[in-house]
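What follows is each chain in one-letter form.
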Amino acid sequence: MVSKEGCAIIYGLHVSTAQKMLDFDFICEREPSVVAFVDPWKDISNYKLFFGWKEMFITSYPDYESIPDTILKKADTVLNYASFRSAYGATLKSMEIENIKNIIIIAEWIPESQVRKIIAYNKEKNKNIIGPSTVGVMVNGEFRVGNTGGSLENIISSKLYKKWSVWFVSKSGWMSNELRRIIADNTNGTHTSVAIGWDKYSIATFKDIILAYEKIDEIKMIVLLGEVGGNEENEIAEM
């Protein structure tokens, strides 16, 4: 999925999220991971952010077509902040970009019929899609996509600045920070953490996540945080 070489386009003008991602990049000593915004409601505009103590500008474009190829081709991830009314269309547009491999959908309450259509279309496109209603994905020390991980203080105390050996997957975004801290207190720390989203119908399931990563040698433990309702936890227990 996401990696240290990856970069993101943020669909929606969420400058504060971009700054949190850049702060994480800086303490992990990697290049800035946010390359552009897409905001259909505005013309091309520049926004000042910080990478450490240095100022930098990130440009917002009205659509993917107006992003220069040199910038567009840097990105392998779209962080989709479109509302539940427009997230379906924004996701389909993102799926059409060849070099985009990962799509993280933040919106809650996307109609189940639209989620099913995304899943069906993805059988052709074969993208990594997390959500809806996720807070994001984090590979420790490499790539933070979204607001997951909390404040810099929490990132330090939970040892999220370095990749360790516990894979963590959760439905709840709100509980993810607490669980990462507990894991850090009782093991060497997390390797990667994914919040698949708490909507009734998620695109990626617990089973998808665990089967994708159970054979990675550097992962020694998988921690799963479920919620009341549904039968996915029973499926994992049977596995």
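Procedures and definitions
Residues numbered from 1 in each chain as written. Predicted model: local features only at pLDDT ≥ 70, side-chain atom pairs only at ≥ 80, totals over all residues. Heavy atoms only, no water. Pairing = 2+ DSSP bridges. Helix = DSSP H or I, 4+ residues; strand = E, 2+ residues; numbered from the N terminus. Axes fitted to C-alpha atoms, helices over the stretch in contact; angles between N-to-C directions. Contact = heavy atoms within 4.5 Å. Core = buried A, V, L, I, M, F, W, Y, C linked by side-chain atoms within 4.5 Å. Buried < 20%, exposed > 50% of the residue type's maximum accessible area, 1.4 Å probe, protein only. Expected span 1.5 Å × (residues − 1).

Q: Would you mind going over the sheet that holds strand β2 (residues 34-38) in detail, with residue names and values included?
A: The sheet built from 7 strands is open, its strands ordered β3-β4-β2-β1-β5-β6-β7 with mixed pairing. Of all strands in the sheet, those bounded by a partner on one side alone are β3 (45-51) and β7 (128-130). For this sheet, the mean angle separating the axes of adjacent strands, direction not counted, is 25 degrees. With 3 bridges connecting them, strand β6 (residues 102-105) and β7 associate as parallel partners. Looking at β7, one finds that Asn-102 is bridged to Asn-128. Lying on the sheet, helix α3 (residues 87-95) is in contact with β1 (8-11), β5 (77-80), β6 and β7; it crosses β6 at an angle near 170 degrees.

Q: Describe the nonpolar core, listing the residues and the values that go with them.
A: Judged by nonpolar contacts, the single largest core of 31 residues is most densely connected at Ile-10, Leu-79 and Ile-209. In this structure, Ile-209 is in contact with Ile-130, Trp-167, Val-169, Val-194, Ile-196 and Ala-204, ignoring residues within four places of it in sequence. With 26 residues, the next largest nonpolar core counts Ile-9, Val-38, Met-95 and Ile-105 among its residues.

Q: Can you explain helix α1 (residues 15-27)? Please cite residues and give values.
A: Taking 1.5 Å of rise per residue, 13 residues should cover 18 Å, and α1 covers 19 Å from first to last C-alpha, within 8% of that figure. In the segment just after α1, Glu-29 is the residue with positive phi, at about 60 degrees.

Q: Lay out the sheet that holds strand β9 (residues 143-146) with the relevant residues and their values.
A: Sheet strands line up and pair through hydrogen bonds in the backbone, either parallel or antiparallel. A sheet is described by the order of its strands in space; here 5 strands give the open sequence β9-β8-β11-β10-β12, paired in mixed fashion. The sheet is open, and its two borders are formed by β9 and β12 (221-225), each paired with just one other strand. Looking at each pair of strands side by side, their axes are set apart by 10 degrees on average, direction ignored. Sheet topology note: the strand β8 (residues 136-139)/strand β11 (residues 190-195) ladder contains 3 bridges and is antiparallel. Paired with Val-139 across the strands is Thr-192, a residue of β11. Strands β8 and β9 of the sheet are contacted by α1, whose axis makes an angle of about 170 degrees with β9. Across the face of the sheet, helix α6 (residues 176-186) comes into contact with β10 (166-170), β11 and β12 while running at roughly 160 degrees to β10.

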